[in-house]
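Chain residues, written in single-letter form:
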Amino acid sequence: MTGQSHTDVYDNSLLTECCRSLRENLEPGNRFLMIQIPQVILASFSRDIALKRGYYNFPPTGLQYLFEAIKGRDLEIEIFDLNFELLKRIHQDSGFHHDQWPEILEEKLAEFRPSMVGVSCLFDAGIAPMLKSLGIIREQTDAIVIAGGVIATYETHNLLTDGGCHFVIAGEGENKLNFLLDHLTGENEGTAATPGVYFRTGGEEHESTGAPDIVDVKGDLIDSYQKVPIEEYYKYGSLNPF
């Protein structure tokens, strides 16, 4: 193995080909939108509770860690917290109904025009809005779509089979996202090959290969707060409604 890199000893040629095809067909740019979907249970949403700041409204910490992991790349990255934006709109617009939340996403997509979109879902309550979000993104953009989080991890097959996204990142995403971006941008940044990136090509589902992925959590999230209006979160919800 002398002279071989971490990636050379694993065969990820299918991932390479899949990403090359997407680059040719979708012409991805460098605008990457990272989305946290609504965390509230929309089916039982209460405007009165929202106006009393009774719903969870915590920062998208997972996406902030991912931002810190990829911020050195030549990407224009934005973090968009749909949960925060929904609660904010309820407070600021008396005529806005919570079922109109997809309009907020559509507005952001039209404004930012992302070339890549990552959608994170952590809780079962978010499955329906996650699927709705993925559908909107696929319909209204030509972006490469990546799903992640707890829900995506155990719904990998369904998300890929139904065409909801191009890739699913299972488990902790810092290293896997960097590895995938190496391939999507066509620029090898030397990220070690890792398993846990799922995709479909040739009508079949595949997973990237590599050594077991160990995420070394270090550093801080200071830079990521430039992407999150943290000073406003308390106005529209609570870290702990109880």
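All values derive from a computational prediction rather than experimental measurement.

Chemist: Help me understand the side chain of Gln36 in this model?
Modeler: Structurally, Gln36 can be placed in strand 1 (residues 31–36). Setting aside anything within four residues of it in sequence, one finds Gln36 in contact with Phe58, Pro60, Leu63, Phe80, Asp81, Leu82, Asn83 and Ser120.

Chemist: Would you explain helix 1 (residues 13–26) in this entry?
Modeler: An α-helix turns once per 3.6 residues; consequently, residues spaced three or four apart project the same way. With 14 residues, helix 1 extends 20 Å between its outermost C-alpha atoms, agreeing within 8% with the 20 Å of an ideal straight helix rising 1.5 Å per residue. Looking at the buried residues of helix 1, the elements they touch are strand 4 (144–148), strand 5 (167–169), helix 9 (174–185) and strand 6 (197–201).

Chemist: How do you make sense of the packing of aromatic side chains when you look at a structure like this?
Modeler: For any pair of aromatic rings, the description consists of the separation of the ring centres together with the inter-plane angle of the planes. Tallied over the full model, the rule gives five aromatic pairs. Judged by centre distance (4.5 Å) and plane angle (20°), the rings of Phe84 and Tyr233 are stacked. Taken as a pair, Phe84 in helix 4 (residues 82–92) and Tyr233 in helix 10 (residues 233–236) lie far apart in primary sequence, 149 residues in all. Classification of Phe84 as buried rests on a relative accessible area of 1%. When its relative accessible area of 4% is taken as the criterion, Tyr233 is described as buried. An aromatic cluster is present here, built from Phe84, Tyr233 and Tyr236 joined pairwise through their rings. Over the aromatic face of Phe96 sits the side chain of Arg89, whose NZ or CZ is 5.4 Å from the ring centroid.

Chemist: Before we go on, may I ask you to explain a nonpolar patch on the surface in this structure?
Modeler: Residues Leu122, Phe123, Val150 and Tyr154 make up a contiguous nonpolar surface patch of about 370 Å² in total accessible area. Following the sequence through the fold, Phe123 ends up in the loop between strand 3 (116–120) and helix 6 (127–140).

Chemist: What exactly am I supposed to notice about the sheet that holds strand 4 here?
Modeler: Strand pairing in a sheet is mediated by backbone hydrogen bonds. Such pairs are either parallel or antiparallel. Read from one edge to the other, the open sheet built from seven strands follows the order 2-1-3-4-5-6-7, with strand pairing classed as mixed. Edge positions in the sheet fall to strand 2 (76–81) and strand 7 (204–207), since each has one partner strand and no second. For this sheet the average axis-to-axis angle between neighbouring strands, irrespective of direction, equals 20°. Relative to strand 2, strand 1 is paired through six bridges, and the arrangement is parallel. Directly across from Met34, in strand 2, lies its bridge partner Ile79. In this fold helix 1 packs onto strand 4, strand 5, strand 6 and strand 7, with an angle of close to 65° to the strand it touches most, strand 6. Along the sheet, helix 3 (residues 61–70) makes contact with strand 1, strand 2 and strand 3, crossing strand 1 at roughly 160°.

Chemist: Please explain the pattern of salt bridges as it appears in this structure.
Modeler: Any two side chains of opposite charge can pair, given that their charged atoms come close. Evaluated as defined, the whole model comprises 10 salt bridges. Across the pair Glu68 and Lys71 runs a salt bridge, and its minimum N-O distance is 2.6 Å. According to the relative accessible area criterion, Lys71 is partly exposed, its value standing at 36%. Between Glu107 and Arg89 there is a salt bridge, with the nearest N and O atoms lying 3.0 Å from each other.

Rules of the game
- Residues numbered from 1 in each chain as written.
- Predicted model: local features only at pLDDT ≥ 70, side-chain atom pairs only at ≥ 80, totals over all residues.
- Heavy atoms only, no water.
- Helix = DSSP H or I, 4+ residues; strand = E, 2+ residues; numbered from the N terminus.
- Contact = heavy atoms within 4.5 Å.
- Expected span 1.5 Å × (residues − 1).
- Phe/Tyr/Trp six-rings, centres within 6.5 Å; stacked < 30°, edge-to-face > 60°.
- Buried < 20%, exposed > 50% of the residue type's maximum accessible area, 1.4 Å probe, protein only.
- Lys NZ or Arg CZ within 6 Å of the ring centre and 35° of its normal.
- Patch = residues over 30% accessible without salt bridge, like charges linked within 9 Å, V, L, I, M, F, W, Y side chains within 5 Å.
- Areas by Shrake-Rupley, 256 points an atom, 1.4 Å probe, with all protein chains shown as cover.
- Salt bridge = Lys/Arg side-chain N within 4 Å of Asp/Glu carboxyl O.
- Pairing = 2+ DSSP bridges.
- Axes fitted to C-alpha atoms, helices over the stretch in contact; angles between N-to-C directions.

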